Amino acid sequence: MSRLDLILKNGQFETHGREAPLDIGVADGKIVELEPNLTSAREIIDCAGLHIFPGLIDSHVHFNDPGRAHWEGIETGSRALAAGGGTMFFDMPLNSSPPTLDGESFDLKRGVAEKTSLTDFALWGGLTPGNLNKLEELAERGVIGFKAFMSNSGIEDFPRADDHTLREGMRQAAKLGKIVAVHAESEPMTGKLATEALAQGRITVRDYLDSRPVAAELEAISRAIELGGETGCALHVVHVSSGAGVMLVKAGRERGVDVTCETCPHYLTLIAEDMEKLGAVAKCAPPLREKAVAESLWQRGRAAKVNTIGSDHSPAPPDMKVDENFFKVWGGISGIQHTLPLLITEGCVKRNVDLWLIERLTSSAVANRFSLSDKGRIGIGWDADFALVDLKAEFTVRAEDLFYRHKQSPYVGRALTGRVVRTILRGQTIFRDGKIVSRPAGKFVEPTRR
Ligand code: ZN
């Protein structure tokens, strides 16, 4: 019997300076050989014509399990992730019920995920005014970090972190060696603008867009960076929607604050006008921006000032997506299945962005920032997680091909380039040619202590 379980032959991938072409040899779920002309294994996959990405790591999803699996759920969400070339997700502490605010709720969610997740996973804990005394027990259980909202989260059981809470939480997180992620929008600004609009009966998509200006994002990012600097806490600003926001984070980093930022495919591939055209399915917060702002994000991303890309996949049942008052429509975009093709199409094909950058922002950079020692890279000793992508294949997103519980997405009807043909988790194929081909096999992954 061969020593190798799997060989990936003839594929292209980033070899970090080594001479290509190399084959990838896998044993016991790990990459053990990178050599030309590997020959003997239990399974050999011919990857001719395909690009091999490290499995995509999505650090920002809302699968809402347990308690609100009827919105999405870990089972359906992780299948959609795998169909998009993903092998690991970090689930946000909301909108599951209970939210992940203490050890008990963490254990509950971990238990559900271990039974139902097709891919590996990590779990975020929450940082709210009511759970400052629970951060330690969450850290002990191996949370990937703590997530706080600087504006209203939209859900009652996950209250916004006021500045005192955020500062205190960051102080503790620094001691515990954990990263804090913030949803950065100014509540005083967005709250006031929304109240004013509603009082005047202004309830359209445009009114909603106007209530959440870029300035609200920039103000909150600045405040979070100050607190991060003061407390020595590692800070990750999620879903930054503007190039100006990315530059604020960079400036913070340059003066010594441990701060990074994420953006999402929807801020790069959809604009405010799309929200007006598509309505509820494209509602998110921060909202989609004007074209020039979206382009500024591409510029900063291309210059490698964006640190990670996560989907912020956040679905809800269709009946929560209907209201003549757009402020009341439940926000959240379903997009986890198309991160790679969206970035390949809009980045590599249309804007000549380096494929390596797209790869890095969706895998190795995520693993580095969150201290995942075995994930995110095609190298000896790393987990054998791969996305095999036909970079030339063109396809149109169809509702019937979505693995989401609710077959809705702002990308339905969109022509994309770059089809994920196969996804491999620790050496096992979990998705192939449009079909899920594995039972739930996901494992909990803990970050190595920072
Ligand atoms: Zn989110």
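In this report, we go over the structure that sits alongside the text. (Residues numbered from 1 in each chain as written. Predicted model: local features only at pLDDT ≥ 70, side-chain atom pairs only at ≥ 80, totals over all residues. Heavy atoms only, no water.)

Description of the packing of helix α11 (residues 291–302) against helix α12 (residues 339–351)
When two helices pack together, their arrangement is given by the angle between the helix axes and the distance between those axes. Selection criterion: Axes, fitted as lines to C-alpha atoms, cover a helix only where it is in contact. Angles between the N-to-C directions of the axes lie from 0 to 180 degrees. Where helices and strands are cited, they refer to DSSP runs of H or I of at least four residues and of E of at least two residues respectively, numbered from the N terminus. For classification, angles of less than 35 degrees are called roughly parallel, those exceeding 145 degrees roughly antiparallel, those between 65 and 115 degrees roughly perpendicular, and all remaining angles oblique. Throughout, a contact is declared for two residues whenever any of their heavy atoms are within 4.5 Å.
Relative orientation of the contacting elements α11 and α12 amounts to 80°, with a least axis distance of 13 Å. When the axis of α11 is compared with that of α12, the two are roughly perpendicular. On α12, the residues that touch E295, W298 and R302 of α11 are L343, E346, G347 and R351.

Let's talk about the packing of aromatic side chains
Put simply, the test is: Stacked, edge-to-face and tilted labels apply to pairs of Phe, Tyr and Trp rings (six-membered ring for Trp) whose centres lie within 6.5 Å, assigned for plane angles under 30 degrees, over 60, and everything in between, in that order. Per-residue accessibility, obtained with a 1.4 Å probe over protein chains only, is compared with the maximum for each type, and a residue is labelled buried under 20%, exposed over 50%, and partly exposed between these values. We call a charge positioned above a ring when the Lys NZ or Arg CZ atom is no farther than 6 Å from the ring centre and deviates by at most 35 degrees from the ring normal.
Throughout the structure, instances matching the rule amount to eleven aromatic pairs. Seen from their ring centres, Y208 and F327 are 5.8 Å apart, and the 80° between their planes marks the pair as edge-to-face. A residue pair is termed long-range when its members are at least 10 positions apart, and Y208 in helix α6 (residues 205–210) and F327 in the loop between β14 (308–309) and α12 qualify at 119 residues. The exposure class assigned to F327 is buried, which follows from its relative accessible area of 16%. Chaining the aromatic ring pairs together yields one cluster made of F63, F89, F106, F121 and F444. Taking the ring centre of W71 as reference, the NZ or CZ of R68 above it sits at 5.3 Å. Lying over the aromatic face of Y208, K283 brings its terminal NZ or CZ to 4.4 Å of the ring centre.

Section: the sheet that holds strand β13 (residues 259–263)
Counted only if it meets this: The rule for pairing is simple: two strands pair if DSSP sees at least two bridges between them.
Ordered by their spatial adjacency, six strands build an open sheet running β9-β10-β11-β12-β13-β14, and the pairing between neighbours is parallel. Each having just a single partner strand, β9 (125–126) and β14 make up the two edges of the open sheet. Sheet topology note: the β9/strand β10 (residues 145–149) ladder contains two bridges and is parallel. Counted as the bridge partner of G125 is F146 from β10. Contacts from helix α8 (residues 243–254) reach β12 (234–237) and β13, with the element oriented near 160° to β13.

Focus: the coordination of the zinc ion
Quick note on the threshold: The rule for donors is simple: N, O or S, within 2.8 Å of the metal, or within 3.2 Å if the metal is Na, K or Ca. Water isn't counted, so a site may look like it is missing partners.
The zinc ion binds to the protein through H60 (NE2), H62 (NE2) and D312 (OD), with metal-donor distances spanning 2.1 to 2.2 Å. On the primary sequence, the residues serving as donors to the zinc ion are separated as H-x1-H-x249-D. You can see H60 sitting in strand β6 (residues 56–61) and its partner D312 sitting in the loop between β14 and α12, a full 252 residues away along the chain. Exposure remark for H60: the relative accessible area of 0% places this residue in the buried category.

Here's the deal with helix α2 (residues 103–116)
Each α-helix turn comprises 3.6 residues. Residues three or four places apart therefore point the same way. Applied cut-off: To estimate the expected span of a helix, count its residues, drop one, and scale the result by 1.5 Å.
With 14 residues, α2 should reach 20 Å at 1.5 Å per residue; the first-to-last C-alpha distance of 20 Å fits that figure. Of all the positions in α2, only G103, S105, F106, K109, A113 and T116 are classed as buried. Elements in contact with the buried residues of α2: α1 (74–83), β7 (86–91), β8 (120–123) and α3 (135–140).

Brief notes about α12
Most of α12 sits out of view: eleven of its 13 residues are buried. Among the residues of α12, T339, L340, P341, L342, L343, I344, T345, E346, G347, C348 and R351 are the ones counted as buried. Remark: N352 follows α12 within two positions and exhibits a positive phi of approximately 60°.

Some points on the pairing of β7
Here is the rule: Place the viewer so that the strands point away; then a crossover is right-handed whenever the path from the first strand over the helix to the second strand goes clockwise.
Most of β7 is tucked away, with six of its six residues classed as buried. The pairing of β6 with β7 spans four bridges and is parallel. Bridge assignment links L56 to a residue of β7, and that residue is G86. Each parallel crossover has a hand, and for β6 linked through α1 to β7 it is right-handed. As paired elements, β7 and β8 share four bridges and run parallel to each other. By the bridge assignment, M88 is partnered in β8 with D120. Read as a crossover between parallel neighbours, the route from β7 over α2 to β8 is right-handed.

Some thoughts on the environment of Y404
Within the fold, Y404 resides in the loop between β15 (386–396) and β16 (415–425). Taking the C-alpha atoms as reference points, Y404 and D319, separated by 85 residues in sequence, lie 16 Å from one another. Excluding residues within four positions of it along the chain, Y404 makes contact with E72, A80, H313, S334, G335, I336, Q337, H338 and S409.

Quick notes on the nonpolar core
The line we're drawing: Put simply, a nonpolar core is a bunch of buried Ala, Val, Leu, Ile, Met, Phe, Trp, Tyr and Cys residues held in one set by side-chain atoms that sit within 4.5 Å of each other.
F146, L166, V180, V182, V237 and M275 are the most contacted members of the largest nonpolar core, which totals 95 residues. Setting aside anything within four residues of it in sequence, one finds V180 in contact with L127, F146, L166, M170, A173, C233, A234, L235 and H236.

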